[in-house]
Amino acid sequence: MVGGPRLDTPSAVGDEGRPRATSLTIAALVVAAFGLATGVLRGDPQLFSGVALLAGVSVAGMTLLDRESLGPTVIGHLCFLPAASGVLATLVLSPVETALMGGVVLAMVGVATGWTNVLGTETVASTTVSSALSYLFAVVGIIVLVLAAGIAWVCWRLLTAVVGATSPVAAALGLSALVCVSAICLFLALWQLPVLQLTARSRRAERAATYARCKRVLGAVGLGAGVLTVLTPFVVVFTPLDRVLAAPPFGAVAGLLSSWLVLGPIAAVTVGALLAATGAFVLRTFTTEFDHSSVRAVGAVVAALGYLLLLAPVLLRLSIVSANPGAVFAGAVLLPLAVYLVLVLALGALKLGLLPERAAPAALTAAGLIYASIGAAQADLPALLVFGGVAGGLVTWDVGTYGLGLTAELGHRPETRRLELYHGVFAVGVGVLGILLFGAVELARQSVGTAVGSSGAMAVAVLGVLLLLAPLRG
Amino acid sequence: MGRRRARWRGAVVAALALAGAGVWAGNGALLLAAGLPLSYLAYGAVSTASVPAEMTVSRAVEPTPAPPGHPVSVRVTVTNESEGPVSDLRVVDGVPRDLSVIAGSPRSGETLAAGESLTLEYTLIARRGDHDFEPPRLRARGTGAAEVATAVQTPDGDDRLVCRLDAEAPPLSDQGNDRVGQRTTSDPGDGFTFHSTREYRRGDPVGRIDWRSYAKRGELSTVNYEQWVSTAVVFVLDARPPSRVTAGPGRPTAVELGAYATTHALTSLLGAGHEVGLAVVGIDGDGPGGLAWIPPGNGSDQRSRAIDRLEDAAEAAERDPDGEDGGESGTDKGGTAEVDPQQQFRKVMELAGPRSQFVLVSPILDDGPVTAMEGWAALDAARTVLSPDVTAASTVSGQHEHVRRRTRLARCQATGARTIDWQRGTPLPLVLDYAFAVEARRPDGSVHPGGGV
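The structure presented is a predicted model; accordingly, all values stated were derived computationally and were not measured. (Residues numbered from 1 in each chain as written. Chains lettered and ligands numbered in written order. Predicted model: local features only at pLDDT ≥ 70, side-chain atom pairs only at ≥ 80, totals over all residues.)

Okay, the overall build of chain B next. A tally of regular secondary structure across chain B gives ten helices and 20 strands. Taken across its 453 residues, chain B has 45% of its residues classed as buried. Look at the contacts in chain B between residues 6 or more apart in sequence, and 73% of them connect residues 24 or more apart. (Helix = DSSP H or I, 4+ residues; strand = E, 2+ residues; numbered from the N terminus. Buried ≥ 20, exposed ≤ 12 C-beta atoms within 10 Å, placed from the backbone. Contact = placed C-beta atoms within 7 Å.)

Our focus in this paragraph is the overall build of chain A. Of regular secondary structure, chain A possesses 18 helices and zero strands. By residue count, 38% of the 474 residues in chain A fall in the buried class. Summarising the internal contacts of chain A: among those between residues at least 6 apart in sequence, 78% fall at separations of at least 24.

Quick look at the environment of Ala 254 of chain A now. All names here are of chain A. For Ala 254, the location among the structural elements is in helix H10 (residues 248–257). Using a count of 21 C-beta atoms within 10 Å as the deciding quantity, one classes Ala 254 as buried. Sequence-wise, Ala 254 and Leu 175 are 79 residues apart; in three dimensions their C-alpha atoms are separated by 9.8 Å.

What follows covers the sheet that holds strand E1 (residues 3–4) of chain B. Strand order in this open sheet of five strands is E1-E10-E9-E4-E6 (chain B), and the pairing throughout is antiparallel. The sheet is open, and its two borders are formed by E1 and strand E6 (107–112) of chain B, each paired with just one other strand. Bridge count between strand E9 (residues 134–141) of chain B and strand E10 (residues 147–152) of chain B: five bridges; the pairing is antiparallel. Pairing of Ala 140 of chain B across the sheet is with Ala 149 of chain B, part of E10 of chain B. Helix H15 (residues 383–410) of chain A rests against strand E4 (86–94) and E6 of chain B of the sheet, and its axis sits at about 135° to E6 of chain B. Its contacts with the sheet put helix H16 (residues 417–448) of chain A on E4 and E6 of chain B, and the angle it makes with E6 of chain B is roughly 45°. (Pairing = 2+ DSSP bridges. Axes fitted to C-alpha atoms, helices over the stretch in contact; angles between N-to-C directions.)

So, about the interface of chain A and chain B. Counting from both sides, the interface comprises 52 residues of chain A and, opposite them, 54 residues of chain B. Mapped onto the side of chain A that touches chain B, the elements with two or more residues apiece are helix H14 (360–378), H15, H16 and helix H18 (455–469) of chain A. Considering each element in turn, the side of chain A that touches chain B owes the most residues, 14 residues, to H15 of chain A. Taken together, the residues that form the side of chain A that touches chain B break down as 33 nonpolar, twelve polar and seven charged. (Nonpolar A, V, L, I, M, F, W, Y, C, P; charged D, E, K, R; others polar.)

Residue and element names in this part refer to chain A. Viewed as axis vectors pointing N to C, helix H6 (residues 168–192) and helix H8 (residues 204–238) meet at an angle of 155°, and their least axial separation amounts to 8 Å. In terms of orientation, H6 and H8 fall into the roughly antiparallel class. Relative to H8, H6 is oriented so that their crossing is left-handed. Of the residues assigned to the contact of H6 with H8, the class counts are 18 nonpolar, six polar and one charged. (Parallel < 35°, antiparallel > 145°, perpendicular 65-115°, else oblique. Left-handed = near helix turned anticlockwise from the far one by under 90°.)

The next subject is the environment of Val 105 of chain A. Residues and elements named next belong to chain A. On the secondary structure map, Val 105 appears in helix H4 (residues 98–116). Owing to 25 C-beta atoms within 10 Å, Val 105 belongs among the buried residues under this scheme. With residues near it in sequence (within four places) discarded, Val 105 still touches Val 51, Ala 55, Val 87 and Leu 91.

Attention now moves to the packing of H14 of chain A against helix H1 (residues 9–25) of chain B. One way to put it is that H14 of chain A packs onto H1 of chain B with a least axis distance of 11 Å and a crossing angle of 20°. Classified by the angle between their axes, H14 of chain A and H1 of chain B sit roughly parallel to one another. For H14 of chain A against H1 of chain B, the interelement crossing comes out right-handed. Along the contact surface, H14 of chain A presents Ala 363, Ala 366, Ile 370, Ile 374, Ala 377 and Gln 378 of chain A, while H1 of chain B presents Gly 10, Ala 14, Ala 17, Leu 18, Ala 21 and Ala 25 of chain B. Tallied by class, the residues present in the contact of H14 of chain A with H1 of chain B amount to ten nonpolar, two polar and no charged.

We now examine the pairing of E6 of chain B. All names here are of chain B. Within E6, six of the six residues are buried, leaving the element largely enclosed by the surrounding structure. Of the two faces of E6, the one holding Arg 107, Gly 109 and Thr 111 and the one holding Ser 108, Glu 110 and Leu 112 are both buried throughout. Relative to E6, E4 runs antiparallel, the two being bridged by five bridges. By the bridge assignment, Val 86 is partnered in E6 with Leu 112.

Further remarks concern the environment of Ala 232 of chain B. Residue and element names in this part refer to chain B. Relative to the helices and strands, Ala 232 is located in the loop between strand E14 (221–229) and strand E15 (233–238). A residue is classified by how many C-beta atoms lie within 10 Å of it, and Ala 232, with 20 of them, is buried. Each C-alpha atom, one on Ala 232 and one on Gly 297, is 7.9 Å from the other, the two residues being 65 residues apart in sequence.

Here we come to the sheet that holds strand E2 (residues 55–62) of chain B. All names here are of chain B. The mixed open sheet is built from five strands, whose spatial order is E5-E7-E3-E2-E11. For this open sheet the edge positions go to strand E5 (101–104) and strand E11 (156–157), each flanked by a neighbour on one side alone. Bridge analysis of strand E3 (residues 71–80) against strand E7 (residues 117–125) gives nine bridges, and the strand direction is antiparallel. Counterpart to Thr 77 in the pairing with E7 is Thr 119.

Before going further, it helps to spend a moment on the nonpolar core. One broad rule of soluble globular proteins: the nonpolar side chains tend to lie buried together. If you look at the biggest cluster of nonpolar residues, it comprises 106 residues, and the most contacted ones within it are Ala 55, Met 108 and Val 386 of chain A together with Leu 18, Leu 30 and Ala 33 of chain B. Setting aside residues up to four positions removed in sequence, Ala 33 of chain B forms contacts with Ser 373, Val 386, Phe 387, Val 390 and Phe 438 of chain A together with Leu 18 of chain B. By size, the runner-up hydrophobic cluster in this structure holds 62 residues, among which are Leu 165, Val 236, Val 255 and Ala 352 of chain B. (Core = buried A, V, L, I, M, F, W, Y, C linked by C-beta atoms within 7 Å.)

Before going further, it helps to examine the pairing of E10 of chain B. Residue and element names in this part refer to chain B. Both E1 and E10 contribute to a ladder of two bridges, which runs antiparallel. For Arg 3, the partnering residue across the bridge sits in E10 and is Val 148. Joining the antiparallel neighbours E9 and E10 is a turn of five residues, in which Ala 145 adopts a positive phi near 65°.

All names here are of chain A. For chain A, per-residue confidence averages 83 on the pLDDT scale, and residues scoring 70 or more make up 87% of the total. Across chain A, H14 holds the top mean pLDDT of 93, while helix H17 (residues 450–453) sits lowest at 54. Taken together, the stretch residues 1–17 has pLDDT below 50 and engages in 34 contacts with residues farther than four places along the chain or on a different chain. (pLDDT = per-residue confidence, 0-100.)

Let us look at unusual backbone geometry. A cis geometry characterises the amide bond from Glu 62 of chain B onward to Pro 63 of chain B, with omega recorded as -5°. At the junction of Thr 64 of chain B and Pro 65 of chain B, the peptide bond is cis and its omega measures out at 5° in the coordinates. You can see Pro 65 of chain B is positioned in the loop between E2 and E3. Even without being a glycine, Asp 380 of chain A presents a positive backbone phi close to 60°. Residue position: Asp 380 of chain A is located in the loop between H14 and H15. For Ile 364 of chain B, which is not glycine, the phi torsion reads 55° and is therefore positive. Its location among the elements puts Ile 364 of chain B in the loop between strand E18 (357–361) and helix H8 (368–376).

Following this line, the structure appears as structure tokens:
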């Protein structure tokens, strides 16, 4: 059946379509102007450039995490968590007032999420789960790596001890233990590697029989070597075997068996078989029934490896340069948890309606600019900047919601740039008039002195205006 | 007077937050800044909206009447005849519910100065019937966008799209004699294939004089060709449930497209003096064996009778797409529940007789028409399959169905039938010209492979 005359499809500028592009451009210009003005007034025009980059990369990562294919998902992980952690670290470590920095960051995130259309309940929830998964894998990976390194170190010490052993019994014991482990690893490799699947169908039955024989032989060798390893100490205790083996012909053989010439290849085969079996198992596990959830899991695992490989050198360098390496490590581990806390708070705000579902980016931008204005006032920056920030927040809210309404009524196909620019000019004009008017009042207040322009008197005046305008309720 | 919308509740919250922060920090600038949101609140409150009464609206629909499946362009122009500007005007045209927009948008918005116009242009796909447009809705907002005024204005110009099967009936061919017959007789006359020569008679066309013979013998002689004669053509419209499908929402069914093609073809053939018959397979008719049947003829009312039957078939396809209806009262014509299509195909063969040509109009979405073609091959009559393509190429299943349909067309061709694949976007006159007139002018009457138009 015909669904109606509207057959719109989402455009590249998100589901809301082109009319948002104009409003978002105005919002972005307002935020950039406020950030630049604040930086200039504080003597550093590039004050927010670093955090702007991090905020942009983290939102880009959030957007990529919303994709369904593996490549963008992995890149999204690698962008989001480090950049978002960096934003929080900047907030904590920056000398700029928290309210000012936090407000500007909120406004930047609002504009960026507006462009990419990702500030919704579903997207934020999906990002939280996916990123938390990658963080969990990274932490588990660190633990597994530490354990594996410990086991490898113990094995290496045992191997070097066997190689240097002068006792023939110890040499035989070490050799049998190594053969046992090697047989088990080879058995595992044959079990996990898809050798039969890769064999031509015509030779598959013959090859299957061969591999069955190999497995039986490996099982027998492993069992025999294991039994030998267990029984050798008892045999040595209850029989004069050690004296027999110390005799000249056996002594030379024992020395050969405990040399690198024999033990080295066996150890190499053991390690190779173990790696092959593990790799085949991991690949099979994560690629069976490759669907959306598999993409998320595999993406999280690859991203966790990426964190370890790419970020470990950076963290190590920071640890070396920093006076307190423990704090760096703790920060690297704990900052992601703070990121997830922020995401959960955002999710709660969306669920409770504090952030309107469709207009969340506009609301976030406006709230950020007003919060930054409060920070600017606390930092004793000029009152005009404070008024500009507040007016900017109102302008971004006005044009943002106007663009959304326009799209909701007309879809994204019609060309509405002129319409929106016309509205935007009036919105900015009212803001500029307001800034000039309140700037003049502020100037008058300061020139008159504290008698009339005191904070108490101003508070009473504002309260009166609020009461007068309350019936309008927006 | 318009309706107000709350757009600045957030501004009230912002004012309270700034005032609170100002009081908390003892900061006069923040307290003053709390007044800024209130200025926007006031701006929204004083901004009013109304749709000027001097606004004029006109609509042009072209072409109307239009044949089924034909793109129809709609142009709506809204002009601000008032003396002041309209800061925010949004227009939504009332597109008929059964039609779908395939290009453009029936919605638009603009800031209109005095005397300026806003134009909406969009394209619909026509479906059979009369489709009334709703009047466009105009919605205006003030500069603050807090107040909304909506008006419905009846436009000048077209308010209806008429879609008829017999709309725009062009001739089948701009040249030639419109002969469809592929049979030759032993009688000499006009034609293409050499038959004999005879003595020149006064008035013979110059083009038929045998100039080579004149050069040899010095005597004028006239060439006779095998004369082409027309035969009865029976159109068989496939209106069975498998053919009652569309290529997408708001598009005509394959039965409707087939009825349109049949209407044009029989109109042109009747105009050229040929005998034309019609059978509709898939609905319960009142003819022999329950077939909707019009025997070949060329009377003055033959066309209107045929169009009535085709309208009934298209109506039945639209009313009962699944073919589960037994008729309006169980016994009326148009029902499909009790119909045996293969028996109807066989009945067509009996009724038409061996001297008729068959033109089967079907989307060929199942094996039924192929079986019928194989059955009609026993008559050794000229057969043509005209197949409107309603498969969707944008989906995997659609492409699969498209391949299966092409295979069925090839099977029809293997029986000796000529197959014409009427793909979407190809004008029907071009298809019909290719299907009949070109074939008729070929001297050997042989069937060539291919058929995609």
